[in-house]
Amino acid sequence: MSETEKIPAKQMLRDVVDMVYREAQEAKDRGEPVGWSSSKFPAEFTEALGLKVVYPENQAAAISAKKGGQRMCEHAEAMGFDNDICGYARISLAFADGAECEEKPMPQPDFLLCCNNICNCMTKWYENVARMHDIPLIMIDVPFNNEKEPSQAQVEYMKAQFKAAVEQLEKIAGRKMDEEKFNQACANANRTARAWLKACSYLQYKPSPLSGFDLFNHMADIVTARCKVEAAEAFEALAEEYEERVKEGTSTWKYDENYRIMFEGIPCWPVLRTLFEPLKEKGINTTAVVYAPAFGFVYEDIDGLAKAYCKAPNSVCLETGVEWREGICRENKVDGILVHYNRSCKPWSGYMPEMERRFRKNLNVPVVSFDGDQADPRNFSEEQYKTRVEGLFEIMEEEAAKKERV
């Protein structure tokens, strides 16, 4: 294939996700066991064992983006689940109950893989699905990190759980895990993560060759396929495209870049365009995001693997969270910060007031917030959001005027 006939990276990325779900359905049709996995369970083990796995969080985000989230949430609420719990969980519980869902179909599970580095709601969510389907639940408990780095005791605790999980997965697969295949899965995961983080890093350029909203649209692969060589190749192609845009002076952001901001939190998938439009109108490019690069982690050995899975945003201490975010803001040269108080993700949103205080003090940039939800559109107010973006724009304008007068 010639250079002019290259497949665009975004098409490659879509094809990889489609492949994951297609292969899972084909395995289900053949009578093979198919699993549901939380997004930060060690996929290296299932990949090495040849088990097909799909991801309810990814499914819920896709259903929400296609406007099916409210219907699914209401189904779960009719089952008795409170509307105050995570929207992803409600959508998944509804799907597990057999709710009709054309937006993102996937096989029902034969086993479940849960890692509570995302949140503790994940534990009860998967326990309920296990009960509903009467299937095995393999759980890995990740201790909260009160220090900046996991202790060796935590690492050993994680490794013991890895061993137990592999033993359970071997019984499900009906075969032993091949060490060479495991090493290859780890190599693929690291290659994918490096390529993804490299693609994310192009937000540092000024003007930026992309918008952070592009990363929201591309991150499904880092969740569903990080151990696949196809995902690594697609992200490498994406990084190459951004590199080319830097050289050409072009960008996927087709509007003025008057100001650069960080979008803090998980996006509101049901109203992604509604989030984007007011920023576009004001020439505010999102050049820093937290959610997308959080799924890119690199490690060298089994101890490093354990440490990597200890470093999800909701399982690290406040100091680590602040340091990481402020580093992104400085590197990506932001003029302000827009914080999403996400009703579905209380662990993430719970320490945001203190985060906001630190941002204002340490970065000396304006910070505004809005209320929303990653999956349930009933918890988002378009008018409130527009007002908050307008307020952020006005403060950034004032700050820019002050700098000009100095």
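Preceding this section is the structure that the text describes.
Before going into details, it helps to say that this report is about the structure given with it. Just so it is clear, the model here is predicted, and its values are computed rather than measured. (Residues numbered from 1 in each chain as written. Predicted model: local features only at pLDDT ≥ 70, side-chain atom pairs only at ≥ 80, totals over all residues. Heavy atoms only, no water.)

### Digging into the overall build of the chain
Right, on to step 1. Counting its secondary structure elements, the chain contains 17 helices and eight strands.
Right, on to step 2. Taking 22 Å as the expected radius of gyration for a compact globule of 406 residues, we find that the chain reaches 21 Å, a close match to that expectation.
Right, on to step 3. The principal-axis extents of the C-alpha atoms in the chain amount to approximately 70 × 50 × 45 Å.
Right, on to step 4. Per-residue burial over the chain gives 57% buried out of 406 residues.
Right, on to step 5. Long-range pairs, those at least 24 residues apart, make up 80% of the contacts in the chain with a sequence separation of at least 6.
Right, on to step 6. Accessible surface computed for the chain: about 17600 Å², of which carbon and sulfur atoms make up 48%.
Right, on to step 7. Of the charged side chains in the chain, 52 are positive and 67 negative, and the gap between their average positions amounts to 2 Å. (Helix = DSSP H or I, 4+ residues; strand = E, 2+ residues; numbered from the N terminus. Rg over C-alpha atoms; globule rule 2.2 N^0.38 Å. Buried < 20%, exposed > 50% of the residue type's maximum accessible area, 1.4 Å probe, protein only. Contact = heavy atoms within 4.5 Å. Areas by Shrake-Rupley, 256 points an atom, 1.4 Å probe, with all protein chains shown as cover. Lys, Arg positive; Asp, Glu negative; His and termini not counted. Charge placed at Lys NZ, Arg CZ, Asp CG, Glu CD.)

### Considerations on the sheet that holds strand S5 (residues 259–264)
Right, on to step 1. With parallel pairing, four strands are arranged side by side in an open sheet as S6-S5-S7-S8. Pairing within the sheet leaves two strands with one partner each, and these edge strands are strand S6 (284–289) and strand S8 (367–372). The mean inter-strand angle of the sheet, taken between neighbouring strand axes irrespective of direction, is 30°.
Right, on to step 2. Judged from the six bridges that link them, strand S7 (residues 336–342) and S8 form a sheet pairing that is parallel. Considered in S8, the bridge of Tyr-341 is made with Asp-371. (Pairing = 2+ DSSP bridges. Axes fitted to C-alpha atoms, helices over the stretch in contact; angles between N-to-C directions.)

### Quick word on helix H13 (residues 302–309)
Right, on to step 1. Taken together, the buried positions of H13 are occupied by Gly-304, Leu-305, Ala-306, Ala-308 and Tyr-309.
Right, on to step 2. Residues of H13 that are buried make contact with helix H2 (43–49), helix H7 (152–173) and helix H8 (179–201).
Right, on to step 3. Two or three places before Asp-303, at the opening of H13, Asp-301 has a side-chain oxygen 3.2 Å from that residue's backbone nitrogen. (Polar contact = N/O pair within 3.5 Å; in protein donor to acceptor, adjacent residues only side chain to side chain.)

### Here we look at helix H4 (residues 69–79)
Right, on to step 1. Here H4 has its buried residues at Gly-69, Met-72, Cys-73 and Ala-76. The arc that holds the buried residues of H4, viewed along the axis, is 100°, so those residues lie on one side.
Right, on to step 2. Buried residues in H4 make contact with helix H3 (56–65) and helix H5 (87–96).
Right, on to step 3. Following H4 by one or two positions, Gly-80 has its phi on the positive side, about 115°. (Arc of directions from axis to C-beta.)

### Quick word on the sheet that holds strand S3 (residues 111–115)
Right, on to step 1. The sheet built from four strands is open, its strands ordered S2-S1-S3-S4 with parallel pairing. Edge positions in the open sheet fall to strand S2 (52–54) and strand S4 (137–140), since each of these has one partner strand only. The sheet shows a mean angle of 25° between the axes of neighbouring strands, direction not considered.
Right, on to step 2. Taken together, the four bridges between S3 and S4 define a ladder with parallel strand orientation. Of the residues in S4, the one forming a bridge with Cys-115 is Ile-140.
Right, on to step 3. Of the strands in this sheet, strand S1 (34–37), S3 and S4 touch helix H6 (residues 121–133), which is tilted by about 170° from S3.

### Regarding the pattern of salt bridges
Right, on to step 1. Considering all chains together, one arrives at 34 salt bridges under this definition.
Right, on to step 2. With its nearest N and O atoms 3.0 Å apart, the salt bridge here joins Asp-110 to Lys-28. On the criterion of sequence distance, the pair formed by Asp-110 in the loop between H5 and S3 and Lys-28 in helix H1 (residues 9–29) is long-range, its members being 82 residues apart.
Right, on to step 3. The salt bridge partner of Lys-280 is Glu-277, with a shortest N-O separation of 2.8 Å. Of this pair, Lys-280 and Glu-277 both sit in helix H12 (residues 272–282), three residues apart, which is roughly one turn of that helix. (Salt bridge = Lys/Arg side-chain N within 4 Å of Asp/Glu carboxyl O.)

### Points about the state of the cysteines
Right, on to step 1. Under the counting rule described, the total for this entry stands at zero disulfides.
Right, on to step 2. Counting only cysteine sulfurs, Cys-115 is the nearest neighbor of Cys-114, a cysteine outside any disulfide, at a range of 7.2 Å.
Right, on to step 3. Owing to a relative accessible area of 0%, Cys-114 belongs among the buried residues under this scheme.
Right, on to step 4. Cys-119 takes part in no disulfide bond, and the closest cysteine sulfur to it belongs to Cys-121, at a distance of 5.0 Å. (Disulfide = S-S within 2.5 Å.)

### Thoughts on the nonpolar core
Right, on to step 1. Membership of the largest hydrophobic core comes to 140 residues, with the highest contact counts inside it found for Tyr-88, Trp-196, Leu-215, Leu-275, Tyr-291, Ile-337 and Leu-338.
Right, on to step 2. Among the elements that line this core, the one with the most residues is H1, at nine residues.
Right, on to step 3. Here Leu-338 is in contact with Ile-261, Met-262, Phe-263, Glu-264, Leu-279, Val-368, Phe-370, Tyr-385, Val-389 and Leu-392, once residues within four sequence places are set aside. (Core = buried A, V, L, I, M, F, W, Y, C linked by side-chain atoms within 4.5 Å.)

### Considerations on the side chain of Thr-123
Right, on to step 1. Position of Thr-123 among the secondary structure elements: in helix H6.
Right, on to step 2. Classification of Thr-123 by relative accessible area gives buried; the value is 14%.
Right, on to step 3. Residues contacting Thr-123, with those up to four places away along its chain left out, are Cys-114, Asn-116 and Met-139.

### Some words on the pairing of S6
Right, on to step 1. With six of six residues buried, S6 is to be regarded as a mostly interior element.
Right, on to step 2. With five bridges joining them, S5 and S6 adopt parallel strand pairing. Among the inter-strand pairings, Ile-261 is bridged to a residue of S6, identified as Thr-286.
Right, on to step 3. Handedness of the crossover joining S5 and S6 through H12: right-handed. (Right-handed = clockwise from strand over helix to strand, strands pointing away.)

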